[in-house]
Amino acid sequence: MSSDPIKHSLATQNLTKAFGGVRAVDNATVSFHEGKINALIGPNGSGKTTFFNCVTGMIRPDSGTVTYQGRDVTGHAPHRIARAGLGRSFQLCRIFPRMTVLDNVLAGVRSTGLVHRLRGAHNPDDIARARELLARVGIEHLERSEARDISYGQQKLLELAGVLMAEPDTIMLDEPAGGVNPALIGRIATLVRELNAEGRTFVIVEHNMELVMSLSDHVVVFDRGRPIASGAPADVQNDPRVLEAYLGV
Amino acid sequence: MLSASRHKTATHQEGRTSSGRSVLVAKLVAAAVALGLVLAFPALAPDPFILSVGVVIASYAALAVAWNFVGGMTGYISLGHAAYSGLGGYGTALLVTEAGVNPWVSMIVAAVLVGVAAVPIGIASLRVRGASFVIVSIALVLILLLVAQSWSDVTGGSNGLRVPRPFGTDVLRPEQHERFFYLFVALTLVALVLWWVIDRSRLGTGLKAIREDEDKAQALGVPTFAYKLVVFVVSAFMTAMAGGMYALWFGSLDPIFQFSILTGSYLVLMSLLGGVRSLLGPVVGAVIVGYAVEFFKTQYGDTQLHLVALGLLLALVVLFMPDGVIPWVTAQFDRFRPGDTSIREVDAAQLAEERKALEEAKS
Amino acid sequence: MSGPLLLQSLILGLLLGGLYALLAAGLTLYFGVMRVVMIAHSAFLILAAYLAWFFTAQTGLDPLLSLVITVPLFFAAGYGMQRALLSRLRPATLTMMSVLLTFAIALIIEGGLGYLFSGTQRRIQLGYSSASLELWGARIAVVKLVAFGLAAVSLLALYLLLKKTRFGQALRATIQHREAAQLLGIDTDRIAGFGFGLGLATAAVGGTALALDATIYPSLHWHWIGPLMAIIVIGGLGSIPGAAIAAILLGVTQSLLQIPMGTTWAQTVFYLALFATLMFRPQGFFGGRLAQRF
Ligand SMILES: Nc1ncnc2c1ncn2[C@@H]1O[C@H](COP(=O)(O)OP(=O)(O)O)[C@@H](O)[C@H]1O
Ligand SMILES: [Mg+2]
């Protein structure tokens, strides 16, 4: 561990979101370490996905604020938050099923202005970059397949490539290892480490504890919509409150 | 080149590029022949009635392609596009009769006005997801019908509004039909070119992403609302152009026919049947459905059975070939083609070859 | 404007609003259980109205008795429609394709009615057709009271069904969060089918109530679908109480506006309210968060 002062580029203050009577996210004040791999763990239904959705603008929180790189982004449209540099994947993986693998990645191209946007999507620059990313996640040979035809693990890799195309500084992954075979988990872990070494911040929701412990620098534990503990992986692992939350005592 | 090579022809390396090229050539030849046939139609038509049916079908083609800017690109189904064609028609007619503006200028000005009016309508109906869009699209036709019928001082109500002919009285009926046939074909071609430009652009990729998964597109940074609004306004404008042209050709407007849910649903059926995801799908659909509709009218007159037939056809298409006939037919062919797996792997050599081509293109 | 006339419009508006509430309840149910905008709802209303008229014309009995046949029939039709047709659509395009499918069904019903009964306008002849009550100078037709009573009773029954029974609980759970309902062991597909059946059953009652006091013809459903859809959007898509409140408010407003503006222009209040709602509060005014993303 380096001894740099810890910076928080992404943080929430008293974030709350209720569905009917259920407070899925309940007054959550959380901050993540910039340039690190942060893990967000907690039992099923503890509100991790809802927290992601509030942070990325997919759901408008009932109250509280989200700040990203010093700016209040609460309630901003998802595309604005994405353009500010916050990328995300979805639990259970979302890709564009009836577009080709290549077009899936090209959908992440960041463009501005009408002229720029009327440029052909299949221009050499974009294609070269998309292929680079596909090669990086290791599915460049599938670029012409429709995304619905490739395997689930490959779809997860594709989703990651699409997120990378949008050039995010911070990447939020919702259960990247869920439903994926062990070999692929290893590959995803390596990718995350590499991308982190290049300076990207990660926030990862994950149930695979082995992966969380080996991968992350900082862990936040959620229970019933709020953080109950946070710290280095080893500390959190031994925290009695965490055990209690998981065992449901 | 790249877009040609993207067409299916998979795994075999040598065959691919050359067969990609031959597919392209075949397509171009087919398009040229089809266009030639279309252009020769007025000369081939045996009588003015058939010719007028041709004009109707050509107008449907223009309308269906215009509809497909929203329907095909975003997946948002509008049942109320008659609102924009009707407004284009009445706008053109009123500009000609009340303000004495040149008919063609009137047509364009009316279409621009409709495009402007489409902005607030789009804002209201596109901000949230599909359901509200559909509801507004239907509501808009219904309210316009109501207004056009009640406001008879201006629209002539159900007595109709006469639109003077743009070509003067010395041009005879068949000659009128012929000219309008070409005008509608030209309008359709303009719409097709515009559709193609958008479809292959980054904007188009963003729109397709919206069609597939709007949340996901937004999470990737696609400004979904703005994208939808742009094509919606383009669609309203092109629809109004077709509506204005129709008004000039037909010469008389009645609210019942101008603001008709049925017309809107014809457009949906045409595009869906032909295939909303393809450039020419709506044109093919317009020819099939337009012909069927006209045939039905002449054979069975105005019975209620045509509603049943339309309903059944629409239900069948929605249930069994929601991607349209063209993709459906291609899929049937593919099933019998040996060796074409659905996963299209490309091998290293092939990729290297394309990389080289790309490098050359760049420099 | 004279006092009695105002009172009369107010009462008529309330009665009308009650009827609207019943007619819109079905639309809300379909949207709730399946996120489907059911265009054919008003066509089924007109179908029920025709069946009531036909029943009375053939037997001479009161049209309300036709409910004994039409309610179960419509319930079965709704269940069948959901299970056999709508559930076949791909989830990704469900909202749009279901609109088209139900639109197609509406066309088939309209065409079928026109073919069987011709486009002639029909009206049920009742012993009490022209009877009316006087209330502080306001004249209220008895048939309107009967229609309102029918609406009130059915809405109350619907409310009790949803609040007090296990089926109602399952249905509400499905409306709120389908996946969560599945986790609770609810067979959400069956429930969605029943929800549709229930929706069409309300259409049977609503259509019959409508037939008591309206001249009917096959294309009448277009006249209804716009206002009804406006009601469910303004009420907040998927919220039954929201739709009921919106229905009453719009009914009263429409009725009051009829005096200075005439019936046709008063109709536009629905569309203006719809437009304003979507502009300023797309999730609707009284209802639910469900609508946020639709
Ligand atoms: N759209 C929704 N409507 C109603 N309840 C929801 C919705 N989304 C999530 N919930 C509820 O919120 C709680 C938190 O869910 P979620 O954020 O998915 O948890 P996690 O990702 O930690 O498993 C759960 O009780 C879930 O049922
Ligand atoms: Mg989750």
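Residues numbered from 1 in each chain as written. Chains lettered and ligands numbered in written order. Predicted model: local features only at pLDDT ≥ 70, side-chain atom pairs only at ≥ 80, totals over all residues. Heavy atoms only, no water.

1. Notes on the coordination of the magnesium ion (ligand 2)
Residues and elements named next belong to chain A.
Right, on to step 1. For the magnesium ion (ligand 2), the full set of protein donor atoms is Thr-49 (OG1) and Gln-91 (OE1), and the range of their distances to it is 2.0 to 2.2 Å. Within this pair, whereas Thr-49 is found in helix α1 (residues 48–55), its partner Gln-91 is found in the loop between β6 (86–88) and α3 (101–106), the two being separated by 42 residues in sequence.
Right, on to step 2. The partly exposed category is assigned to Gln-91, whose relative accessible area is 30%. (Donors = N, O, S within 2.8 Å, 3.2 Å for Na, K, Ca; no water. Helix = DSSP H or I, 4+ residues; strand = E, 2+ residues; numbered from the N terminus. Buried < 20%, exposed > 50% of the residue type's maximum accessible area, 1.4 Å probe, protein only.)

2. Details of the sheet that holds strand β7 (residues 170–174) of chain A
Residue and element names in this part refer to chain A.
Right, on to step 1. Across the sheet, six strands lie side by side as β6-β7-β8-β3-β9-β10; this open sheet has mixed pairing. The sheet terminates laterally at β6 and β10 (226–231), the two strands that pair on one side only. Strand-to-strand, the axes of this sheet are offset by a mean angle of 20°, without reference to chain direction.
Right, on to step 2. When β6 meets β7, the two strands line up parallel, connected through three bridges. Its bridge partner being in β7, Arg-88 is matched across the sheet by Met-172.
Right, on to step 3. Packing against the sheet, α1 makes contact with β3 (37–41), β6, β7, β8 (201–205) and β9 (218–223), and its axis sits at approximately 150° to β7. (Pairing = 2+ DSSP bridges. Axes fitted to C-alpha atoms, helices over the stretch in contact; angles between N-to-C directions. Contact = heavy atoms within 4.5 Å.)

3. Thoughts on the packing of aromatic side chains
Ring pairs (aromatic) are described by centroid distance and by the angle formed between their planes.
All names here are of chain B.
Right, on to step 1. Counted according to the given criterion, the structure contains 29 aromatic pairs over all chains.
Right, on to step 2. Ring centres of Tyr-60 and Tyr-266 lie 6.1 Å apart, and the angle between their planes is 80°; this geometry places the pair in the edge-to-face category. One end of the pair, Tyr-60, is in helix α3 (residues 48–74); the other, Tyr-266, is in helix α13 (residues 261–274), and 206 residues separate them in sequence.
Right, on to step 3. Of the aromatic side chains, those joined through ring pairs into one cluster are Tyr-76, Tyr-84, Phe-133 and Phe-232.
Right, on to step 4. Above the ring of Phe-167, the side-chain terminus of Arg-179 is found at 4.7 Å from the ring centroid. (Phe/Tyr/Trp six-rings, centres within 6.5 Å; stacked < 30°, edge-to-face > 60°. Lys NZ or Arg CZ within 6 Å of the ring centre and 35° of its normal.)

4. Structural notes on the pairing of β3 of chain A
Residue and element names in this part refer to chain A.
Right, on to step 1. For β3, the buried fraction is high: five of the five residues fall into the buried class.
Right, on to step 2. Relative to β8, β3 runs parallel, the two sharing four bridges. When the sheet's bridge partners are listed, Ala-39 is paired in β8 with Ile-204.
Right, on to step 3. Note that β3 and β9 share four bridges and pair parallel. Following the sheet pairing, Asn-38 is matched in β9 by His-218.

5. Some thoughts on the site of ligand 1
Right, on to step 1. Taken together, the residues surrounding ligand 1 are Phe-19, Val-22, Ala-24, Pro-43, Asn-44, Gly-45, Ser-46, Gly-47, Lys-48, Thr-49 and Thr-50 of chain A together with His-177 of chain C.
Right, on to step 2. A distance of 2.8 Å separates an oxygen atom of ligand 1 from a polar backbone atom of Gly-45 of chain A.
Right, on to step 3. The separation between an oxygen atom of ligand 1 and a polar main-chain atom of Ser-46 of chain A is 3.2 Å.
Right, on to step 4. Here ligand 1 loses 73% of its free accessible area of 560 Å² to cover by the protein chains.
Right, on to step 5. Listed by contribution, the elements that provide at least two residues to the shell around ligand 1 are β2 (22–33) and α1 of chain A.
Right, on to step 6. No other element matches α1 of chain A, which puts three residues into the shell around ligand 1. (Near = heavy atom within 4 Å. Polar contact = N/O pair within 3.5 Å; in protein donor to acceptor, adjacent residues only side chain to side chain. Areas by Shrake-Rupley, 256 points an atom, 1.4 Å probe, with all protein chains shown as cover.)

6. Points about empty space enclosed by the protein
Right, on to step 1. All told, the structure shown has seven cavities of 30 Å³ or more when counted by the stated rule.
Right, on to step 2. Its boundaries defined by the atoms lining it, the largest cavity holds a volume of some 140 Å³.
Right, on to step 3. Lining the largest cavity are 18 residues, with Leu-106, Ala-107, Val-109 and Ser-111 of chain A together with Arg-202 of chain B positioned closest to its centre.
Right, on to step 4. Looking at which element gives the most residues to the lining of the largest cavity, the answer is helix α9 (residues 202–212) of chain B, with three residues.
Right, on to step 5. Reported here for the second largest cavity is a volume of approximately 110 Å³.
Right, on to step 6. Along the walls of the second largest cavity sit Ser-89, Phe-90, Lys-156, Leu-157, Glu-159, Leu-160, Leu-173, Asp-174, Glu-175, Pro-176 and Ile-188 of chain A, which together make up its complete lining.
Right, on to step 7. Counting residues per element, the ones that place at least two in the lining of the second largest cavity are α6 (152–165) and β7 of chain A.
Right, on to step 8. Ranked by residue count, the leading element in the lining of the second largest cavity is α6 of chain A, at four residues.
Right, on to step 9. For the lining of the second largest cavity, the residue count by class is six nonpolar, one polar and four charged. (1 Å grid on protein atoms, 1.4 Å probe; cavity = no way out; pocket = protein on both sides within 12 Å on 5 of 7 lines; lining within 4 Å. Points joined across faces, edges and corners; volume = space filled by probe spheres on them. Nonpolar A, V, L, I, M, F, W, Y, C, P; charged D, E, K, R; others polar.)

7. Focus on the sheet that holds strand β1 (residues 8–19) of chain A
For sheets, the rule is that strands pair by backbone hydrogen bonds, running either parallel or antiparallel.
Residues and elements named next belong to chain A.
Right, on to step 1. What the four strands build is an open sheet, ordered β2-β1-β4-β5; its pairing is antiparallel. If you trace the sheet from one side to the other, it starts and ends with β2 and β5 (71–72), each paired once.
Right, on to step 2. The sheet contact formed by β1 and β2 spans eight bridges and is antiparallel. Note on β2: the bridge partner recorded for Leu-15 is Ala-28.
Right, on to step 3. Along the sheet, α1 makes contact with β1, β2 and β4 (63–68), crossing β1 at roughly 115°.

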